[in-house]
There are 4 protein chains.
Amino acid sequence: MTGQAPRKSFGSDNHAGTHPDVLRAVVEANTGDATAYGADPWTERAIGELKRVSGAKGEAYLVLNGSGANVMGLGLLLGRHEAVICAETAHINTDECGAAERILGTKLLTVPSADGKITPELIAGRLAGRGDEHFAQPGVVAVTQSTEVGTCYSLAELRAIKEFCAANQLRVYLDGARLANAAAFIGCSVAEIASCADVLSFGATKNGAMGVEAVIVMHAADGANAKYLRKQHMQLSSKMRFLGAQFNALLADDLWLRNAGHANAMAARLADGLATIPEVEVVYPVQADAVFARLDPRHVASLQRDWMFHVWDESTSTVRWMTAFDTEESDVDEFLAAIAAVTGALSV
Amino acid sequence: MTGQAPRKSFGSDNHAGTHPDVLRAVVEANTGDATAYGADPWTERAIGELKRVSGAKGEAYLVLNGSGANVMGLGLLLGRHEAVICAETAHINTDECGAAERILGTKLLTVPSADGKITPELIAGRLAGRGDEHFAQPGVVAVTQSTEVGTCYSLAELRAIKEFCAANQLRVYLDGARLANAAAFIGCSVAEIASCADVLSFGATKNGAMGVEAVIVMHAADGANAKYLRKQHMQLSSKMRFLGAQFNALLADDLWLRNAGHANAMAARLADGLATIPEVEVVYPVQADAVFARLDPRHVASLQRDWMFHVWDESTSTVRWMTAFDTEESDVDEFLAAIAAVTGALSV
Amino acid sequence: MTGQAPRKSFGSDNHAGTHPDVLRAVVEANTGDATAYGADPWTERAIGELKRVSGAKGEAYLVLNGSGANVMGLGLLLGRHEAVICAETAHINTDECGAAERILGTKLLTVPSADGKITPELIAGRLAGRGDEHFAQPGVVAVTQSTEVGTCYSLAELRAIKEFCAANQLRVYLDGARLANAAAFIGCSVAEIASCADVLSFGATKNGAMGVEAVIVMHAADGANAKYLRKQHMQLSSKMRFLGAQFNALLADDLWLRNAGHANAMAARLADGLATIPEVEVVYPVQADAVFARLDPRHVASLQRDWMFHVWDESTSTVRWMTAFDTEESDVDEFLAAIAAVTGALSV
Amino acid sequence: MTGQAPRKSFGSDNHAGTHPDVLRAVVEANTGDATAYGADPWTERAIGELKRVSGAKGEAYLVLNGSGANVMGLGLLLGRHEAVICAETAHINTDECGAAERILGTKLLTVPSADGKITPELIAGRLAGRGDEHFAQPGVVAVTQSTEVGTCYSLAELRAIKEFCAANQLRVYLDGARLANAAAFIGCSVAEIASCADVLSFGATKNGAMGVEAVIVMHAADGANAKYLRKQHMQLSSKMRFLGAQFNALLADDLWLRNAGHANAMAARLADGLATIPEVEVVYPVQADAVFARLDPRHVASLQRDWMFHVWDESTSTVRWMTAFDTEESDVDEFLAAIAAVTGALSV
């Protein structure tokens, strides 16, 4: 489907535009000259705020998109020869066209995961062959918070992973493309989540930004070559102030948290409504801003005539419905009505 | 130097902000939902316009920055084992932290160049060893138009390169980060320049955009894996409409050409003024938006107290002064007065 | 365990030394000077023979080891952005330390396989997302003949894969580290197997060579950059005649086939003997030169005191017992007696 | 030219075969089974000897060829983002088809060198831009001992480089493909040379081996991922004992030193003879086993009818004449007579 949807899209949180406050900050940053590549006051303020909210002892780096953040973040932690342990459903494994392998030359050692989460037990199952040169050597565990299926690790789950990794000479990279949604769901600070990682990304684009993400290095020693990797990975923006301004708007007055909380609430509202529609089965706990549901393929087809969303798994007829910072209650209600109508009509 | 310069920066054309028309287009694109990753009307219009102005039979791809465009463009043309011939001064060789080597695994076979330009003769000098597996095998010639030292290839020069390359099984990549300035200087169309390349970039950021570049594939066959490389190279934007909107503004009513022509005129005005200051020697023909000048290091130091610009080559005390779409005549005149004062005062 | 085993090793077919005929050929090649890097009569004869037995229309390339052959072979067939479909048990996935990812930047899309073999159905299950830039794009299917678990594809099975791949724009790479064992088991020619691949390796080291493998390109067009990739992959030998001589000895009078047939027969003899030992369960059909067996971990430990072999899967107490060209019937019988003794003694 | 030369080749030290003692050691290692991948007594003895003669505190690793040694050695010292400073004439720059760029993704920052040697001054000239993310960041200096043009660094020269590098956060990789020739010329130990490097290769192939090189890690900390890189770089031999045996023969009774000393002496004898032939100009000091000479292209053509050697630089009609461990005095004298005849005849 091309172009502007006639109704609110439930296709992705990046179908939404830019939050008005973010856009205003971008416009206001367009004043006179500013030094390029980040030596400007907008970027410096954003970096300072990102370090403050995450508690990082290292630096924060603004980058251009989520794949850029993930590849750079993993690259900071991986030895030249090392592999990454991650869930089969991890974005780096399924949705980035093999960028980690292509750019870092690393191998992804995947583990099956029922709910998008990885556990110490699953990690342990991938450690056979350490020290044997014939086997890929895991050096980093990648977790996604919130996960690709809309679930959130509890802080206890994350801490258990961090502890296990620390005890097993593994580093933790946290893909935080939807970190805000997890913080909003858990009701914790970014710093509490960040303390369970060595390097993390903090996503802004899906949270109302126009297009910017951050890579946050928790320990200064891990960031020694970060700025060079950012440049080599083609993630250094020249007019960086326009990236910095976006983060400044989101981090002011916790706009990022309100955006995420609102999107989560809309997903929860959708899930609540679905509970009354027996033809639709919600397949993962609804914690962040996504609802995964199984319904008859004919119902899917009918709904897609008027509504934008993606089929997640054709083989099981599972769809993904996502909300965003700008999804309104009436959007959800209208969508629920359409689902009810379609499923009811067809099942008659 | 951090932040906003007290006076107009002559440091770089990316110290300037975003042209008001571009910013307006970005703001206006922020309307409701749009499908992500380029399936939106803004991007589709931009792609159509880029193909039209370049005469490309292949596709155009919006990317996030200049290094991204260069690496992707080279990657489309390079065999897995091949090397690139380029000028020693080429941006890909000197200013991208080795991104081409890191990301593509290619070798850059550099040639010395007096004025930033490469010639058939210089290329020919790098062809020894073809067919011998011990030698790096050149597959692509990279030219920059306008060059890193502010000069422009004439169409005749570009055509001679293209013809030589075609006769020698070499492909041509054209780094057009400042293509607009070259078109404005030569008084030719983008298509005339593009016809001398197999793949080219068309830079917008230095021309008044907020941050976007295009990779243009002249022959459809060269673009078969383009969209996958863009994704693997972390150059695919999710909210792509905001990139498309920028190009739409620049390509409307030839704003790109007017911006470039104005910047060029400001550089020419600066060069004209320098002709009356004997302590300053202009070292390259001033054709695009840059003036390279040699002056006493003490004069450089004095000037930098009040004015933002970069020393290009410390060993020869050569500086680079750049203009931009928003440099005003009064900025140039004020800067000239400052140069005159500093050089006169010190030489007394 | 270090060094020479007191008894015949059942650890690997590369625990064996060099076949006397191969060693003699190496010694005889040490006569005066010869041009380096393959322009010598030994290598030229080997290449000619390899092309003859495989029916290749392209060239054959001698390389230094099996990983080198696999990475080069895959590299010849893979587009810069493409991924490889292979069995989870594939050597390239489990035993090469991630070399394919590291050197080629490719992603391995693995499929579970009960018997080490891949099928059109399994391949088909990995084709979702073709044409979508977010998904890794499979370009090559890698099969191993004989497989890592000692089974052999029938010609019908291989042809079905080739046909499916041809119909689905996929190329076939065949890892033939133990191609000889498969040909001996099936009773077919190398050419019949090779005709099911686009590029294959033909292993000599496990077949009695000192250390050499061949990469065979079936269609000339696929080999255009082969010699450059061999050099870049550090697989070009300077005193190549000593590699060529090894292949010449193996290809003369079908020594390769006799060696493989003998090794297979010894594995079959071992399997036959095991049929009378109820405490040992053979877990895969014994077709090539390996027997995979499940037995009590305490029995494994006892046996390993005197006999060299590897545990394949600790979690299921599965071991791998391999024969070689120089395994004698008495070695097998002595080993069987030891197994019987150990399992009987402990189970009393 | 293909195949066996009718007369002693002066084309390369790897046109020679295998020294009889080395061949004998290979034959003698073919006794029964041995554990694969290096856990055998021949390899263990070779590693021990290599550590002893080099004084290494880290490990030594046997690899399959010179490019393999260079890429692995550089890879051990390079940060993921770093570049290498080397002479324009360095083998890694001119003769390995871009393997370092392809495999390591590194950039080679070359310096012009009159005699194949690099100096602290030349290195210093490549350090501009350190700390600036736009510039490639040198992390390693690569030196070749003896150099590609047959010259040898004195220990004082090497120590000056090491000291400069240590003071400038640079590591030293020493390409010792012809380390033996340098030790023989200087009259020093391997350890004295090795102490000036962080990692080095020790070449055996050009010194009379059949095909093996060593990578020696001077400080244990640099070798942490060495065995994994060797495997990923496809340099791990399965029947490693045949590599170990070669080194054992060369290191016994200083055969390596006698071989190198003899080859050097033959080059010196050739140079001495050339001094009496005015039509031939020797262009580099003759220190190792090579003579570079300039002579009339017609003389080159005449000589090449009967003698095997390479033209080094067509543009200056410079040829390279190499000796080997098995070059005899009579070979040199016969070659000199031919040169004299050809140049005299043609100059009459």
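*Asks:* Would you take a moment to explain the environment of N93 of chain B for this structure?
*Replies:* You can see N93 of chain B is positioned in helix 4 (residues 91–94). When the C-alpha atoms of N93 of chain B and D326 of chain B are compared, they prove to be 29 Å apart, with 233 residues separating the residues in sequence. Looking at N93 of chain B, its side chain comes within polar contact range of the main-chain oxygen of E88 of chain B, at 3.0 Å. A polar contact of 2.8 Å, which involves the side chain of N93 of chain B, links it to the side chain of K107 of chain D.

*Asks:* Help me understand helix 2 (residues 41–54) of chain B in this model?
*Replies:* Because an α-helix packs 3.6 residues into every turn, residues spaced three or four apart end up facing the same way. Residues and elements named next belong to chain B. Between its first and last C-alpha atoms helix 2 spans 20 Å; for 14 residues at 1.5 Å apiece the expected length is 20 Å, and the two agree. For helix 2, the complete set of buried residues consists of W42, T43, A46, I47, L50, V53 and S54. Projected down its long axis, helix 2 carries its buried residues within an arc of 140 degrees, all on one side. The N-cap of helix 2, judged by a side-chain oxygen 2.9 Å from the amide nitrogen of W42 a few residues on, is D40.

*Asks:* Just to check I follow, could you spell out the sheet that holds strand 6 (residues 199–203) of chain D for this structure?
*Replies:* The strands making up a sheet associate through backbone hydrogen bonding, with each pair oriented either parallel or antiparallel. Residue and element names in this part refer to chain D. Taken together, the 7 strands give an open sheet; going across it, the order is 1-7-6-5-4-2-3, and neighbouring strands pair in mixed fashion. Of all the strands in the sheet, just strand 1 (60–63) and strand 3 (108–111) have a single pairing partner and so form its edges. Averaged over neighbouring strand pairs, the angle between their axes works out to 25 degrees when direction is ignored. Where strand 5 (residues 171–175) and strand 6 come together, 2 bridges link them in parallel fashion.

*Asks:* In this structure, what is going on with the interface of chain A and chain C? I would like to understand it.
*Replies:* Put simply, an interface is often sized by how much accessible area is lost when its parts join up. Counting residues at the interface gives 22 residues for chain A, matched by 22 residues for chain C. Contact between chain A and chain C buries roughly 1600 Å² in total, counting both sides, with carbon and sulfur atoms accounting for 42%. Considering only the surface of chain A that becomes buried against chain C, C97, R102 and K107 of chain A emerge as the three largest contributors, covering 40% of it. Between chain A and chain C we count 2 salt bridges in total. For E101 of chain A, the salt bridge is made with K107 of chain C, and the minimal N-O distance between the two is 2.5 Å. Between the two partners, chain A and chain C, sit 14 residue pairs in polar contact (both at pLDDT 80 or more). Where the side of chain A that touches chain C is concerned, the elements lending two or more residues are helix 4 (91–94) and helix 5 (99–104) of chain A. When the residues that make up the side of chain A that touches chain C are grouped by side-chain class, the tally is 6 nonpolar, 8 polar and 8 charged.

*Asks:* Where do I start with the environment of A252 of chain C in this structure?
*Replies:* Inspection of the secondary structure puts A252 of chain C in the loop between helix 11 (241–251) and helix 12 (255–274). Classification of A252 of chain C by relative accessible area gives partly exposed; the value is 29%.

*Asks:* Sorry, what's going on with the relation of the copies chain A and chain C here?
*Replies:* Relating one copy of the chain to the other takes a rotation about an axis and a shift parallel to that axis. Between the two copies, chain A and chain C, the superposition gives an RMSD of 0.0 Å; the rotation angle is 180 degrees and the shift along the axis is 0.0 Å. What the superposition gives is, in effect, a two-fold axis relating one chain to the other. Measuring from the rotation axis to each C-alpha of chain A, the shortest distance belongs to G105 of chain A, at 2.5 Å. Here 100% of the contact residues of chain A are again contact residues in chain C; the copies associate through an equivalent surface.

*Asks:* Explain the domain arrangement of chain A to me, please; I cannot follow it from the model alone.
*Replies:* Residues and elements named next belong to chain A. Taken domain by domain, chain A consists of domain 1 (20–253) and domain 2 (255–343). In this assembly, 25 residues from domain 1 lie in contact with 21 residues from domain 2. Summed over both partners, the interface of domain 1 with domain 2 comes to about 1900 Å²; 60% of that surface belongs to carbon and sulfur atoms. Connecting domain 1 to domain 2 are 1 salt bridge. Between D289 and R178 there is a salt bridge whose closest N-O contact spans 3.8 Å. The interface formed by domain 1 and domain 2 holds 11 residue pairs in polar contact (both at pLDDT 80 or more) in total. Of all the secondary-structure elements, those providing two or more residues to the side of domain 1 that touches domain 2 are helix 1 (20–28), helix 8 (179–186) and helix 11 (241–251).

*Asks:* Help me out: how do you make sense of the side chain of T43 of chain A in this one?
*Replies:* Residues and elements named next belong to chain A. Secondary-structure assignment places T43 in helix 2 (residues 41–54). The buried category is assigned to T43, whose relative accessible area is 4%. Polar contacts involving the side chain of T43 include one to the main-chain carbonyl oxygen of M240, which spans 3.5 Å. When near neighbours in sequence (up to four residues on either side) are disregarded, T43 contacts G38, L62, M240, R241 and G244.

*Asks:* When you look at the pairing of strand 7 (residues 213–217) of chain B in this model, what are you seeing that I'm missing?
*Replies:* Regular strands have side chains that alternate between both faces of the sheet. Residues and elements named next belong to chain B. In terms of residue burial, strand 7 counts as a mostly covered element, since 5 of its 5 residues are buried. Residues of strand 7 alternate between two faces, with E213, V215 and V217 on one and A214 and I216 on the opposite face, all of them buried. Here strand 1 (residues 60–63) pairs with strand 7 via 4 bridges, running antiparallel. Looking at strand 7, one finds that A60 is bridged to I216. By the bridge criterion, 5 bridges tie strand 6 (residues 199–203) to strand 7 in an arrangement that is antiparallel. Bridge pairing links G203 to E213 in strand 7.

*Asks:* I tried to follow the pattern of salt bridges on my own but got confused; where do I start?
*Replies:* Side-chain pairs of opposite charge can arise whenever the charged atoms involved come near each other. All names here are of chain C. The tally for this structure, following the rule as stated, stands at 76 salt bridges over all chains. Between K8 and D326 there is a salt bridge; the shortest N-O distance is 2.6 Å. In this pair, K8 is assigned in the segment before helix 1 (20–28) and D326 in the loop between strand 11 (318–322) and helix 14 (329–347), connecting sequence segments 318 residues apart. Relative accessible area serves as the criterion here: at 11%, K8 is assigned to the buried category.

*Asks:* Would you mind going over unusual backbone geometry with me for this structure?
*Replies:* Apart from glycine, the bulk of residues carry a negative phi angle, and the bulk of peptide bonds sit in the trans form. Residues and elements named next belong to chain B. The peptide bond linking Q145 to S146 adopts the cis configuration, its omega dihedral lying at -10 degrees. Notably, D253 is not glycine yet its phi reads approximately 50 degrees, a positive angle. In this structure, D253 sits in the loop between helix 11 (241–251) and helix 12 (255–274). The phi dihedral of D254 is positive, around 55 degrees, even though this residue is not glycine. Tracing the chain through its elements places D254 in the loop between helix 11 and helix 12. For D254, a relative accessible area of 39% puts it in the partly exposed group.

*Asks:* I would appreciate a short explanation of the interface of chain C and chain D in the present structure.
*Replies:* Chain C puts 60 residues into the contact, and the matching count from chain D is 60 residues. Together, the buried faces of chain C and chain D total about 4800 Å²; carbon and sulfur atoms form 52% of this surface. Taken together, chain C and chain D are joined by 2 salt bridges. One salt bridge in this structure joins D33 of chain C and K8 of chain D, with 2.8 Å as the shortest N-O distance. At the junction of chain C and chain D, the tally comes to 30 residue pairs in polar contact (both at pLDDT 80 or more). Counting only elements with at least two residues in the side of chain C that touches chain D, the list comes to helix 1, helix 2 (41–54), helix 3 (66–77), helix 5 (99–104), helix 10 (226–232) and helix 11 of chain C. Each residue belonging to the side of chain C that touches chain D can be placed in one class, and the counts come to 24 nonpolar, 22 polar and 14 charged.

Cut-offs applied
Residues numbered from 1 in each chain as written. Chains lettered and ligands numbered in written order. Predicted model: local features only at pLDDT ≥ 70, side-chain atom pairs only at ≥ 80, totals over all residues. Heavy atoms only, no water. Helix = DSSP H or I, 4+ residues; strand = E, 2+ residues; numbered from the N terminus. Polar contact = N/O pair within 3.5 Å; in protein donor to acceptor, adjacent residues only side chain to side chain. Expected span 1.5 Å × (residues − 1). Buried < 20%, exposed > 50% of the residue type's maximum accessible area, 1.4 Å probe, protein only. Arc of directions from axis to C-beta. Pairing = 2+ DSSP bridges. Axes fitted to C-alpha atoms, helices over the stretch in contact; angles between N-to-C directions. Contact = heavy atoms within 4.5 Å. Buried area = accessible area lost by both parts, 1.4 Å probe. Salt bridge = Lys/Arg side-chain N within 4 Å of Asp/Glu carboxyl O. Nonpolar A, V, L, I, M, F, W, Y, C, P; charged D, E, K, R; others polar. Least-squares fit on C-alpha atoms with pLDDT ≥ 70 in both. Domains from an automatic or database assignment.

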